Amino acid sequence: MAAPFNLFEVFGIELEYMIVSASTLDVLPITDHLLSKAATEPGATAHREDGSPVATEVELGPISWSNELALHVVEMKMTQPASALDGLDAKFQSSVQQANALLAPLGGRLMPSAMHPWMDPFGEMKLWPHGYSDVYAAFNRIFDCRGHGWANLQSMHINLPFSGDAQFGRLHAAIRALLPIMPALSASSPIMDGRTSGLMDSRLEVYRNNARKIPAAAGRVIPEPVYTEADYRREILEKVYLGFAPHDPAGVLRHEWANSRGCIARFTRNAIEIRVLDVQECPAADLAIAQIITSVLGAICSGRLGHLDMLRALTVDSLEKPLLATIREGERAVISDAEYLDALDIAQQGDANVTAAEVWNRLIALCVPSSRQSPALRAWLETWRTQGTLARRILTEIGGDDSRARLARTFGRLASCLDRGQLFIPQPPAQP
């Protein structure tokens, strides 16, 4: 997004998937082979870094594929920003199926959800070794990227544009306010190390702890309440760079993307990137969540919803509490902070014990009325309202049995849902 687009004039979506063995579902570190094959597809345009013979990004029409830090992860993203989210799920779905067709002769397939259920990151992590590898090597030298927080996490990123400080301030305030309850829509990582973790969003839990060696890098996931570029650079980016400096004397990581908060300002392309969303079982689910979030953000930024002055004043402390609650409980988390609910125009009833699902349902009713809901969005909403987040549905299917056999069956079904573009409907184990 190099051009200074106005608020919600264009959208950017990125989806990350793990490559696994088609037979065992173990992680398969062959993203470089996939990108090399993709570069030979008709009409493909390959981009390489540092003279590497292996492509780091391949444009395949409207969707481009690129590598990530881990060699078993591929990112699919829009080649150019889109003026609307409608129809993007079909483009991503076609890209998924194209990748699976290329992976099949290599014995691989794509698998969704935000964490591999039984990956041993200390034994199985392989860093991307080709172009741009100096950046990954620097992260690895500083943090030891074998942990789950680096080696095993897949997400959806939403990129939203702004033009100038006034738009940036409104957008940043709106995103900060919604970040804590986004896992109530997107949590998809209840399994880690081959067992249930006790959390709906294990990915976010490891994400928020992966850079503890340099606390300024991720902060507390919720970004500080700053609403101009100058303040953001002073209060966030310069502190990030200062934290890295003793460990990165060459300045390899002195870039905006070294900031690991739950949303990050990318002033070089005039956009804010939302990073707290677990990837779902198929692109239709991801795009349904993106449509809900962007619709609510648009209502806040336009003044149709919430009280912007109150939202700007929300502290990191006050926003961290609902974030930790939704990491634990997803859509069932109780949101009891009256100041927070008032700022969002959520009327409190009775004892004010409002769940995150209830908050979202009220926001959706105001910002995404039925008349504006596509069939795909209605289908996802019905599934979420009746059966919960993907994390909840995974737990329903395994029914307390987190044996390897049961996990393999469930995640094999998830991989099939991804290839077919279907929502995941749990099939609980039969009762004896």
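To be clear, the structure that these remarks concern was listed above.
Since the model is a prediction, treat every value here as computed from it, not as a measurement. (Residues numbered from 1 in each chain as written. Predicted model: local features only at pLDDT ≥ 70, side-chain atom pairs only at ≥ 80, totals over all residues. Heavy atoms only, no water.)

Draft legend 1. Summary view of the nonpolar core. Membership of the largest hydrophobic core comes to 131 residues, with the highest contact counts inside it found for Ile13, Trp65, Ile274 and Trp360. Dropping the residues within four chain positions of it, Ile274 is found in contact with Met156, His157, Ile158, Leu160, Ile175, Leu179, Met182, Gly262, Cys263, Ile293 and Leu297. Trp118, Ile191, Leu390 and Leu407 belong to the second-largest nonpolar core, a separate cluster that totals 15 residues. (Core = buried A, V, L, I, M, F, W, Y, C linked by side-chain atoms within 4.5 Å. Buried < 20%, exposed > 50% of the residue type's maximum accessible area, 1.4 Å probe, protein only. Contact = heavy atoms within 4.5 Å.)

Draft legend 2. Spotlight on helix H2 (residues 88-103). The end-to-end C-alpha separation of H2 is 23 Å, in line with the 22 Å expected for 16 residues at 1.5 Å each. Where H2 is concerned, the buried positions are Leu88, Phe92, Gln93, Ser95, Val96, Ala99, Asn100, Leu102 and Leu103. (Helix = DSSP H or I, 4+ residues; strand = E, 2+ residues; numbered from the N terminus. Expected span 1.5 Å × (residues − 1).)

Draft legend 3. Spotlight on the side chain of Asp286. Position of Asp286 relative to the elements: it lies in helix H10 (residues 283-302). Buried and unpaired, Asp286 has Arg203 as its nearest opposite-charge partner, separated by 9.8 Å. Polar side-chain contacts of Asp286 include one of 3.0 Å to the backbone nitrogen of Gln280. With residues near it in sequence (within four places) discarded, Asp286 still touches Leu15, Tyr17, Met156, Asp278, Val279 and Gln280. (Lys, Arg positive; Asp, Glu negative; His and termini not counted. Salt bridge = Lys/Arg side-chain N within 4 Å of Asp/Glu carboxyl O. Polar contact = N/O pair within 3.5 Å; in protein donor to acceptor, adjacent residues only side chain to side chain.)

Draft legend 4. Geometry of helix H15 (residues 375-387). For H15, spanning 13 residues, the distance from its first C-alpha to its last is 18 Å, which sits close to the expected 18 Å at 1.5 Å a residue. Buried within H15 are the following residues: Leu377, Trp380, Leu381, Thr383 and Trp384. Looking down the long axis of H15, one finds its buried residues gathered within 165° of arc, a one-sided arrangement. Those residues of H15 that are exposed and aimed more than 90 degrees away from the buried face are Pro375 and Thr386. (Arc of directions from axis to C-beta.)

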